[in-house]
Amino acid sequence: MSPARREAAPDAAAMQRRWRALVDERLPEAAASRGDWPVRLNHCFARILLDNACGGPWRESVAPPAWANMPPARLAAALALGEAVLRGEADLAELNRRSLAWRGRLRSAAAPPELAGPGFRLRRWRREDDAPFAALNADPAVMRFFPALKSRRESEAEARALDRRFEQDGFGPWVLEAEGTFVGFVGCWRPVRPLPFAAVPGHVVEIGWRLARSAWGRGLATRGARLALADAFGRCGLPEVVAYTAVLNRASQRVMERLGMERIEEFAHPALVEGDPLRPHVVYRLSAARFAGSAVRFAGGTVHSAAGAATVASGGDR
Ligand SMILES: CC(C)(COP(=O)(O)OP(=O)(O)OC[C@H]1O[C@@H](n2cnc3c(N)ncnc32)[C@H](O)[C@@H]1OP(=O)(O)O)[C@@H](O)C(=O)NCCC(=O)NCCS
């Protein structure tokens, strides 16, 4: 056995002991004095922490018993999450909701009419958004990376279709309002077109944004997206979202990078012809677990359970 392997074994055994102590003793003991925790039994704590560390039902990625078979990095992530729960830095109810949603045991609650952020809000669409949305869709600077500008009629049809997403999926592209004014949209939806990285339409969720020029450069897209993601990963229990854009669209990629998304690959957009400068696209990905870690760093160690802030827990990069 190599020296490295000789050292790894005791570490794994020590981590497994810490895990057993956490879920069998420390969390159930803490639950006794906490009236607001949704669970108190060891196997419930294990389910919640392991699912959140795996980004889905843990049995899909590892055979039971999880404490023995879980890859060390994954078990370390589950441990870190449990420690954060004990310190009051992760919201157990939120983590539980997400685990139950992944297991199909929870229907996500209907979308709230709005989510409030500092200096802005995300809200459902209204008829009075039609005019500013049409102006945005007719601005060549905004539409530089789209195949064409949109007519007033096309823009209205798009607004109706975007809002309908909330009825279908319980989430959708929110109107972004800053200082009481419509400035565009940001949010998540299921792409209907088959894409190279999402062969089965409806099985992936993407996040996107389109803002009026007057609103650019103030961090609004990034802040709005963080709030939409907290809702998508929290209330809706989504395990992962992707975002894609033309390789030429650096501003949009900067938003993805600021959100902590990982660049996956480039692909040729199937709806655009060869030779079109917009055809080369790039896709990024963000898991709920990765967002949870960045949300804690972003919020300076504070985790908020209300819709108004970056929700969720610590640790757990996949
Ligand atoms: C992409 C868009 C939503 C960004 O909105 P925003 O509120 O200005 O974004 P943020 O302020 O949160 O962050 C913008 C980042 O992009 C950078 N950026 C802005 N314009 C840029 C440009 N032309 N080239 C490169 N980077 C640019 C900013 O410097 C910032 O990055 P930084 O933090 O490293 O400085 C906005 O430009 C837009 O609506 N564009 C038109 C529509 C569009 O392209 N939508 C995306 C389709 S996939």
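As shown above, the structure is provided for reference.
Residues numbered from 1 in each chain as written. Predicted model: local features only at pLDDT ≥ 70, side-chain atom pairs only at ≥ 80, totals over all residues.

Caption draft 1: Highlighting the pairing of strand 1 (residues 114-117). Where burial is concerned, the two faces of strand 1 differ: the one with Leu115 and Gly117 is buried and the one with Glu114 and Ala116 is not. Pairing of strand 1 with strand 2 (residues 120-123) involves 4 bridges; the strand directions are antiparallel. The residue bridging Ala116 from the neighbouring strand is Arg121, located in strand 2. From the end of strand 1 to the start of strand 2, which pair antiparallel, there are 2 residues, and Gly119 there has a positive phi angle of about 80°. (Buried ≥ 20, exposed ≤ 12 C-beta atoms within 10 Å, placed from the backbone. Helix = DSSP H or I, 4+ residues; strand = E, 2+ residues; numbered from the N terminus. Pairing = 2+ DSSP bridges.)

Caption draft 2: Spotlight on the nonpolar core. By size, the foremost hydrophobic cluster in this structure holds 74 residues, and its most contacted members are Leu176, Val186, Ala225, Ala228, Leu229 and Val241. It is helix 8 (residues 220-233) that contributes the most residues to this core, 9 residues altogether. Two domains each put at least three residues into this core: domain 1 (3-102) and domain 2 (114-298). In this view, Ala225 contacts Val186, Ile207, Trp209, Val255 and Leu259; residues no more than four positions away in its chain are not counted. (Core = buried A, V, L, I, M, F, W, Y, C linked by C-beta atoms within 7 Å. Domains from an automatic or database assignment. Contact = placed C-beta atoms within 7 Å.)

Caption draft 3: Here's a closer look at the site of the ligand. Close to the ligand lie 21 residues, the nearest being Ala221, Thr222, Thr245, Ala251 and Arg254. Those elements giving two or more residues to the shell around the ligand turn out to be strand 5 (206-211), helix 8 and helix 9 (250-258). Per-class residue counts for the shell around the ligand are 9 nonpolar, 7 polar and 5 charged. (Near = placed C-beta within 6 Å. Nonpolar A, V, L, I, M, F, W, Y, C, P; charged D, E, K, R; others polar.)

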